[in-house]
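Understanding the architecture of this molecule
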Amino acid sequence: MSRTGPAWFSHELCFWHDPGAGSGYVPVGPGVEPLRQHAVDPDLRRAEGLVRLSGVLEHFVRRTPTPATDEDLLLVHTPAHVDRVEAASALGAGDAGVYAQVNHHSALAARLAVGACVQAVDDVLDGRHPRAYCLVRPPGHHAEPDRAMALCLYNNLAVAARSAQRRGVGRVLVLDWDVHHGNGLQDVFWSDPDVLYVSIHQEGLFPPGAGLVTETGGGAGAGRTLNVPLPAGSGHGAYLAAIEQVVAPAARAFGPDLVLVAAGVDAGGHDPMGRMMATSRTFHAMTTALCELADELAGGRIVLAHEGGYSAWYQPTLVLATACAVAGLPAPPDPFLHSLEHLPGQQIRPHQTRVLQFLRDHHPLLSTEGAALR
Ligand SMILES: [Zn+2]
């Protein structure tokens, strides 16, 4: 790693984005008493606080993003979509799409989240930093070109990948290990032969019916989408096997020049939105594996961006574990690990193995009969 160390992108205003009163992901309405909605981001500030308190932030170079421009956003989104986000935010409350509530700060926070990802990609492409991590909100991977969705306003990493292509980067691997399927990312790159979108998510969780093993890209992008829908209850062993047996060989077959990771932590075992059992050790190991893959295949160029993560108490530890791996440090102490690591099912189980085996046998990037598509 170079002397400058990896970059850490965050902005106070991203912590001011707030979907408003509700419960979970549902705004106040019939039967819904005001509590708080997910992705209210004092939690994210707490995550950054833990990374700072632990001393790990000192291994990074702090970078403050500037807001994405219209030109950046329009690489992926329609003008009407940008107008809807701006208008809803200007009103101070309301839904900019489908379950994408905003407050007064949301439009600028969303531009800063995109800006962080775009500028992080610029930094690694220019060699200013070997790697970068973006602690941003609102998240991005559900946002479609013309629709905000499920807490996501703009598709942060989709814009970053398009921005990299604008600069002449050839092939981009986008790995998404958020527990939900990144329908927006899949949509944007469905027919793009130069972007491999890989999603490891909980089978059938959200969006309903999205992210099947049989969705493998279309047109010129045939074979450039790879979905790993792990059954609910998957733990450390299943996630690492997915990386080793599916993601790594697919990445080697594809040959990326840049690696982007939608690094949500809602596959964590205490997350209220998912039914998975990943631990801090899982996120540390996956991040380390991806940094090593980037070293092997893409000159070390890797940018990770936060996505989902809704456990108020566990998210900070999972962000810290991710940060430690980006900085090349060992996995951090985890005061909650004892509650997860002993659970039956942390080792990979046969019904989880079958998903990986199916992909090895049938996905165009992995199977012998798909060699012509590589
Ligand atoms: Zn998620």
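Please refer to the structure placed before this passage.
None of these values were measured; they are calculated from a predicted model.

**Thoughts on the overall build of the protein chain**
Of regular secondary structure, the protein chain possesses 10 helices and 15 strands. Taken across its 374 residues, the protein chain has 60% of its residues classed as buried. Excluding contacts between residues fewer than 6 apart, the proportion of contacts in the protein chain whose partners are at least 24 apart in sequence is 76%. Within the structure as shown, the protein chain displays about 13,300 Å² of accessible surface, and the carbon and sulfur contribution to it stands at 56%. If the 26 positive side-chain charges of the protein chain are averaged to one point and the 37 negative ones to another, these points end up 4 Å apart.

**Details of the coordination of the zinc ion**
Six octahedral donors at a metal ideally form angles of 90 or 180 degrees, and four tetrahedral donors ideally form angles of 109.5 degrees. Only Asp178 (OD), Asp178 (OD), His180 (ND1) and Asp266 (OD) from the protein reach the zinc ion as donors, at distances of 2.0 to 2.7 Å. Metal-centred angles of 53 to 154° between the four donor atoms at the zinc ion mark the site as irregular. All donors of the zinc ion come from a single chain, and their spacing in sequence reads D-x1-H-x85-D. Taken together, the residues span a long stretch of sequence, with Asp178 in the loop between strand S11 (172-176) and helix H6 (183-189) and Asp266 in the loop between strand S14 (258-262) and helix H8 (280-297) at a distance of 88 residues. Taking the relative accessible area as the measure of exposure, Asp178 reaches 1% and is therefore buried. The exposure class of Asp266 is buried, given its relative accessible area of 0%.

**Looking at helix H3 (residues 79-91)**
Given 3.6 residues per helical turn, the α-helix brings residues three or four places apart onto the same face. Here H3 spans 18 Å end to end across 13 residues, near enough to the 18 Å set by a 1.5 Å rise per residue. Within the span of H3, buried status applies to His81, Val82, Val85, Ala88 and Ser89. Down the axis of H3, the smallest arc covering the buried residues is 135°, so these residues share one side. Across from the buried face of H3, at angles greater than 90 degrees, the exposed residues are Pro79, Asp83, Ala90 and Leu91. Looking at the buried positions of H3, the neighbouring elements they touch are helix H2 (70-73), strand S6 (93-95), strand S8 (101-103), helix H4 (106-126) and strand S10 (148-149). Taken from the residues just after H3, Gly92 is the one with a positive phi, measuring 95°.

**Observations concerning the environment of Leu366**
With respect to the element layout, Leu366 can be found in the segment after helix H10 (350-362). According to the relative accessible area criterion, Leu366 is buried, its value standing at 17%. Along the backbone, Leu366 and Ala253 are 113 residues apart, and their C-alpha atoms lie at a distance of 7.7 Å.

The rules behind each value
Residues numbered from 1 in each chain as written. Predicted model: local features only at pLDDT ≥ 70, side-chain atom pairs only at ≥ 80, totals over all residues. Heavy atoms only, no water. Helix = DSSP H or I, 4+ residues; strand = E, 2+ residues; numbered from the N terminus. Buried < 20%, exposed > 50% of the residue type's maximum accessible area, 1.4 Å probe, protein only. Contact = heavy atoms within 4.5 Å. Areas by Shrake-Rupley, 256 points an atom, 1.4 Å probe, with all protein chains shown as cover. Lys, Arg positive; Asp, Glu negative; His and termini not counted. Charge placed at Lys NZ, Arg CZ, Asp CG, Glu CD. Donors = N, O, S within 2.8 Å, 3.2 Å for Na, K, Ca; no water. Tetrahedral: all angles 85-135°; square planar, octahedral: opposite > 155°, others 65-115°. Expected span 1.5 Å × (residues − 1). Arc of directions from axis to C-beta.

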